[in-house]
Amino acid sequence: MKILGIESSCDETAAAVVENGEILHSSVVHTQIDIHATYGGVVPEVAARNHLEVINPVVRLALANAQCTWNDIDAIAVTNTPGLVGSLLIGSLTAQMLAFLHNIPLYPVHHVEAHVYANFITKQSGFSQEKLQLPVEQPKFPLLALIVSGGHTQLVLFRNHGDFILLGATRDDAVGEAFDKVAKILGFPYPGGPSIAKAAEVGNPRTYSLPKPKLDSPYEFSFSGLKTAVLRAVQHEVGVDITFPSHKLSERLTSAQRNDFAASFQHTAVDILVDATTHAFAREDVASVVIAGGVAANHELRTHLANRLPIQIHYAPPQLCTDNAAMVASLGYYFSREKSAINPLDIRIAPRLTMTAR
Ligand code: KG4
Ligand code: ZN
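Along every chain, residues carry numbers that run from 1 in the direction the sequence is written. Working convention: letters from A go to chains and numbers from 1 go to ligands, in the order in which they are written. At least 70 in pLDDT is required for a residue's local features to be given in this predicted model, at least 80 for side-chain atom pairs to be given and counted, and no such filter applies to totals for whole chains, interfaces and linings, which use all residues. Side-chain measures here rest on the full set of heavy atoms in the structure, leaving out hydrogens and waters.

Caption draft 1: Examining the pairing of strand β1 (residues 2–7) more closely. The cut-offs for exposure are 20% and 50% of the maximum accessible area for each residue type, with area from a 1.4 Å probe on protein chains only; residues under the lower value are buried, those over the upper are exposed, and the others partly exposed. By the criteria applied, helices consist of DSSP H or I runs no shorter than four residues and strands consist of E runs no shorter than two, each listed in order from the N terminus. Of all six residues in β1, six are buried, a share of seventy percent or more. Covered by surrounding structure in β1 are Lys2, Leu4 and Ile6 together with Ile3, Gly5 and Glu7, the residues of both alternating faces. Pairing of β1 with strand β2 (residues 12–19) involves six bridges; the strand directions are antiparallel. Bridge assignment links Leu4 to a residue of β2, and that residue is Val17. Between any two strands, at least two bridges found by DSSP are needed for them to pair. What sits between the antiparallel neighbours β1 and β2 is a turn of four residues. The pairing of β1 with strand β4 (residues 75–81) spans four bridges and is classified as parallel. Across the sheet, Ile6 pairs through a bridge with Val78, a residue of β4.

If you want it as structure tokens, here you go:
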């Protein structure tokens, strides 16, 4: 069963063709990073307009790269929640129109759940433009997923496809958001995750001691205190008080100090994630551990978690960790085995919705 996935929930316009949730035929991602970098973050209105401009060419390219015509596509899966209203609308309305026009079943899927399904893509057809380093096998159930992105940080235990419980989530900022905000303080470009990770490679993680949150539940997360702790430590380091404009702080730091702050922050953020995941692994019945979402591209997170767990962890190649439509198409396949397609005219978007079991 070949599914066309469509993703537009934030600042990536993406389309992909995946067969049986497992074989990647094509994956096209048009990122708006350069457009939003000028503003230091995603501007929703600008994102929606850009999705509208590129979504049809992106879908056409995904089909062409997979050497598919509409006759080869068995279903369409689209992210309809959560995300930016305008952005979600463009993808959902495009999917609605295409499903209606070509008389193809339509499955709306949850973006955060879809991130986990990047790990179910283990094969690549000969059509694929770019050879990805895919995992050798699919994860097994019960599956513990650490989902870490710009909007979400949560630990989810999947008993099977569509059958999961949320063990814990962040109380405030998502970890990716903390990477982005700390990067801004330190004067690194948007998105902060990759630039902090790069700076951290040459920084010393032991230079600045940053606090880890103390929460009632071992599965809960909090990153807003860590972000503020970095801000206060930088202010202290350069000798200014809290009224000093934060966007001017980085000018007063040396390059070595910026790298050391990046390394110290990343080390603490990764430690928080690894502590909660190892705790859940010890307490729950778990066959596989998966990390998913944009922050799962972080090398430090991958190696630290791997070192602390007695089993091999699963992660997708970086291109499938950040937002893409292949993960949407993969989840769409499993979704189609459990739920019937919707009437395309009934598709609704939901900017905020927690993932719920089916
Ligand atoms: O999953 P994603 O592409 O979009 C959301 O659904 O949010 O995640 C984007 C987030 C951003 O906050 C970005 O800074 C972070 O993932 N990110 C990283 C890395 N690559 C992307 N964080 C840490 N290390 C990375 N290598
Ligand atoms: Zn995402």
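Caption draft 2: Structural view of the coordination of the zinc ion (ligand 2). Water is absent from the atoms considered, so a metal site may look incomplete; donors are defined as N, O and S atoms within 2.8 Å of the metal, or 3.2 Å for Na, K and Ca. All of the protein donors around the zinc ion (ligand 2) are His111 (NE2), His115 (NE2) and Asp323 (OD); their distances to the metal are 2.0 to 2.1 Å. On the primary sequence, the residues serving as donors to the zinc ion (ligand 2) are separated as H-x3-H-x207-D. Residue His115 is found in helix α4 (residues 111–117), and its partner Asp323 is found in the loop between α10 (318–321) and α11 (326–338); the two are separated by 208 residues along the sequence. Like His115, the residue Asp323 is buried in the burial classification.

Caption draft 3: Seen up close, the site of ligand 1. Lining the immediate surroundings of ligand 1 are 19 residues, of which Gly150, Asp180, Gly193, Asn298 and Asp323 lie closest. Counted as a polar contact is a pair of N or O atoms within 3.5 Å, where, for protein atoms, one must be capable of donating a hydrogen and the other of accepting one, and residues adjacent in sequence contribute only when both atoms are in side chains. Contact between ligand 1 and Asn298: a nitrogen atom at 3.0 Å from a side-chain N or O atom of the residue. Surface accessibility follows the Shrake-Rupley procedure with a 1.4 Å probe radius. Residue values consider only the protein chains on display as shielding. Within the complex, 88% of the 560 Å² of free accessible area of ligand 1 lies under protein. The set of elements that each furnish at least two residues to the shell around ligand 1 consists of α4, α5 (175–186) and α6 (192–201). Note that the domain bounds were set by an automatic or database domain assignment. Taken domain by domain, the makeup of the shell around ligand 1 includes at least three residues from each of domain 1 (2–138 + 318–357) and domain 2 (143–308). Proximity is defined per residue: if any heavy atom of the residue lies within 4 Å of a molecule or strand, that residue is considered near it.

Caption draft 4: Looking closely at the sheet that holds strand β5 (residues 106–110). Spatially, the six strands line up as an open sheet ordered β5-β4-β1-β2-β3-β6, and their pairing is mixed. Taken across any chain shown, the strands that pair with only one partner, and hence form the sheet edges, are β5 and β6 (123–124). As judged from the two bridges shared by strand β3 (residues 23–31) and β6, these two strands associate in the parallel manner. Bridging across to β6, Ile23 finds its partner in Lys123. Should any heavy atoms of two residues lie within 4.5 Å, those residues are considered in contact. Lines fitted to C-alpha atoms define the axes here, with helix axes fitted over just the stretch in contact, and angles between the N-to-C directions of these axes take values from 0 to 180 degrees. Sitting on the sheet, helix α2 (residues 44–65) touches β1, β2 and β3, and the angle it makes with β2 is about 20 degrees. Sitting on the sheet, helix α3 (residues 85–102) touches β1, β4 and β5, and the angle it makes with β4 is about 155 degrees.

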